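In case you want the letters, here they are:
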Amino acid sequence: MSTEASTEGTTEPRPGWYGRCPCGGVYEEHLLEVQVVDPQGTEHLLTKVPQGRCATCAMRVYKLAVLQRIEGVCKGVHLRRRPGG
C-alpha cells in the first residue's frame, strides 16, 4: 500500500524551510520513501516524505507534523491513499 506522508500541498523542495543546522549549514528539503509496518504486520510505503538534510554535515530533521503522520501509520491509523496505490 502506498501512502503519501507529505503535509504540504506541494512536492517542490522549499529551501530554508527547516532553518539552520547547529553546524552553521542550511537544511535542504529532500523527499524520501519510507517503509513502515503497522501493528497488523502490513507494510506501507510512505512516499514524498519531506526531510531536511544539512548540506554541510548531513544532519537530518523532520517537521513534527510529518513525524506524527508516520507514527499514525505505525500505530495502524490509515492515512489518505494515493490513487492507484
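All values reported here derive from a predicted model rather than from experimental measurement. (Residues numbered from 1 in each chain as written. Predicted model: local features only at pLDDT ≥ 70, side-chain atom pairs only at ≥ 80, totals over all residues. Heavy atoms only, no water.)

### What to know about the state of the cysteines
Alright, step 1. Applying the stated rule across the entire model yields zero disulfides.
Alright, step 2. Cysteine Cys-21 remains unbridged, with the sulfur of Cys-57 as its closest cysteine sulfur at 3.6 Å.
Alright, step 3. Using a relative accessible area of 6% as the deciding quantity, one classes Cys-21 as buried. (Disulfide = S-S within 2.5 Å. Buried < 20%, exposed > 50% of the residue type's maximum accessible area, 1.4 Å probe, protein only.)

### Describing the nonpolar core
Alright, step 1. Of all hydrophobic cores here, the largest spans six residues; its members are Val-36, Leu-46, Val-49, Val-66, Ile-70 and Val-73.
Alright, step 2. Of all the secondary structure elements, the ones that give two or more residues to this core are strand E3 (43-54) and helix H1 (64-74).
Alright, step 3. If you tally residues by element for this core, the top one is H1, at three residues. (Core = buried A, V, L, I, M, F, W, Y, C linked by side-chain atoms within 4.5 Å. Helix = DSSP H or I, 4+ residues; strand = E, 2+ residues; numbered from the N terminus.)

### Notes on unusual backbone geometry
Alright, step 1. With a phi angle near 55 degrees, Lys-48 is a residue other than glycine that sits in the positive phi range.
Alright, step 2. On the secondary structure map, Lys-48 appears in strand E3.
Alright, step 3. Notably, Ala-58 is not glycine yet its phi reads approximately 75 degrees, a positive angle.
Alright, step 4. Relative to the elements of secondary structure, Ala-58 occurs in the loop between E3 and strand E4 (60-61).
Alright, step 5. In this structure Ala-58 comes out as partly exposed when scored by relative accessible area, which is 39%.

### Things to note about the environment of Glu-43
Alright, step 1. By the element assignment, Glu-43 lies in strand E3.
Alright, step 2. A distance of 2.6 Å separates a polar atom in the side chain of Glu-43 from a polar atom in the side chain of Gln-35. (Polar contact = N/O pair within 3.5 Å; in protein donor to acceptor, adjacent residues only side chain to side chain.)

### Regarding the packing of aromatic side chains
Alright, step 1. Applying the stated rule across the entire model yields zero aromatic pairs.
Alright, step 2. Above the face of the Tyr-18 ring, Lys-63 is positioned so that its terminal group lies 5.3 Å from the ring centre. (Phe/Tyr/Trp six-rings, centres within 6.5 Å; stacked < 30°, edge-to-face > 60°. Lys NZ or Arg CZ within 6 Å of the ring centre and 35° of its normal.)

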